[in-house]
Amino acid sequence: QTCALPIFSSWLESPNLVCNAVQWYLSNDFFYYAIFPFIALCYGRHKIAGIVACLACISVSLGHNLWSSLDAKSWIGQTYKIYSAWPADRLHDPYFPVWARYHSHGVGILFGWFLLEEKRNQFFTKFLSRRGALVKLLIILGD
């Protein structure tokens, strides 16, 4: 059996070509980290562009999973199938392909940017404290 190079294992036509079981997961992570500088560059140039780029990648990932579920008529139940019952082709595989798993990484990036922005400007904290002061004032006036 010929083994694929570890870096390309998430792009293989069949997971059976992977020699080391965790190799495909590390390969997926590698590609997420490899595209992050480009998304971060967009964010550094213009915050909205970075957020849109990240949301576009998330949309592709979620769109693939939705399409593969609808096309295979397996709906959400495919998540609970044992590995041998999963689709053999990469187009319908909801788990192993690199493009099928980006959404969790993308949400982490967006949340990290939200925390960074909150630390800098405290917009959310100020927003909540203003609303809290208004609620306290209404309670006092109501008494």
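Here's what I pulled together on the structure shown here. Per chain, residue numbering runs from 1 following the sequence as it is written. The predicted nature of this model means local features are confined to residues of pLDDT at least 70 and side-chain atom pairs, given and counted, to a pLDDT of 80 or more, with totals for whole chains, interfaces and linings taken over all residues. In computing side-chain properties, one takes all heavy atoms of the structure into account and sets aside hydrogens as well as water.

1. Thoughts on the pattern of salt bridges
What counts here: Basic side-chain nitrogens of Lys or Arg form a salt bridge, by our definition, when they fall within 4 Å of a carboxyl oxygen of Asp or Glu. Numbered from the N terminus, helices here are DSSP runs of H or I no shorter than four residues, and strands are runs of E no shorter than two. Categorising residues by exposure relies on relative accessible area from a 1.4 Å probe, with only protein chains included: less than 20% of the type maximum marks a residue as buried, more than 50% marks it as exposed, and the intermediate range marks it as partly exposed.
Enumeration over the complete set of coordinates arrives at one salt bridge. Two residues, lysine 47 and glutamate 117, come together in a salt bridge whose shortest N-O distance is 2.7 Å. Placement of lysine 47 in helix H2 (residues 47-72) and of glutamate 117 in helix H3 (residues 102-121) is noted, with a sequence separation of 70 residues between them. Judged by its relative accessible area of 35%, lysine 47 falls in the partly exposed class.

2. Re the packing of aromatic side chains
Heads up, the rule is: The rule is short: rings of Phe, Tyr and Trp, with Trp giving its six-membered ring, pair when the centres are within 6.5 Å, and they are stacked under 30 degrees, edge-to-face over 60, tilted in between.
Under the counting rule described, the total for this entry stands at four aromatic pairs. The interplanar angle of 70° and the centroid separation of 5.6 Å between the aromatic rings of tyrosine 32 and tyrosine 102 together place this pair among those described as edge-to-face. A residue pair is termed long-range when its members are at least 10 positions apart, and tyrosine 32 in helix H1 (residues 23-45) and tyrosine 102 in helix H3 qualify at 70 residues. Owing to a relative accessible area of 6%, tyrosine 32 belongs among the buried residues under this scheme.

3. Some details on the environment of phenylalanine 30
The residue phenylalanine 30 is located in helix H1 in this model. Judged by relative accessible area, which is 40%, phenylalanine 30 ranks as partly exposed. Residues phenylalanine 30 and valine 98, spaced 68 residues apart in sequence, show a C-alpha to C-alpha distance of 9.6 Å.

4. Remarks on H3
In plain terms, the rule: How far a helix is expected to stretch is found by multiplying one less than its residue total by 1.5 Å.
Along its 20 residues, H3 runs 29 Å from first to last C-alpha, staying within 8% of the 28 Å computed at 1.5 Å per residue. Positive phi appears at glutamine 122, one or two residues downstream of H3, with a value of about 50°.

5. Considerations on the nonpolar core
Operational definition: Residues belong to a common nonpolar core when they are buried Ala, Val, Leu, Ile, Met, Phe, Trp, Tyr or Cys residues joined through side-chain atoms within 4.5 Å. Note on contacts: a residue pair is in contact if any heavy atoms of the two residues lie within 4.5 Å.
Phe31, Tyr32, Ile39, Tyr43, Ala53, Cys54, Ile58, Val98, Tyr102, Ile109 and Trp113 form the largest nonpolar core, which has 11 residues in total. Among the elements of the structure, H1, H2 and H3 are those that each provide at least two residues to this core. In terms of residues, this core owes the most to one element, H1, which gives four residues. In this view, tryptophan 113 contacts Phe36, Ile39, Ala40, Tyr43, Gly50, Ile51 and Cys54; residues no more than four positions away in its chain are not counted.

6. A word on a nonpolar patch on the surface
The following threshold applies: Within the patch definition used here, like charges are joined within 9 Å and nonpolar side chains (Val, Leu, Ile, Met, Phe, Trp, Tyr) within 5 Å, considering only residues with over 30% relative accessible area and no salt bridge. Areas reported as accessible are Shrake-Rupley estimates using a 1.4 Å probe. Residue values count occlusion only from the protein chains shown.
A cluster of nonpolar side chains, namely Phe111, Phe114, Leu115, Phe123 and Phe124, defines an oily patch on the protein surface of about 540 Å² accessible area. Going through the elements one at a time, H3 and helix H4 (123-142) are the ones with two or more residues in the nonpolar patch. Looking at the nonpolar patch, the element that brings in the most residues is H3, giving three residues. Checked against the element boundaries, leucine 115 lands in helix H3. Overall, the relative accessible area of 44% leaves leucine 115 in the partly exposed class.

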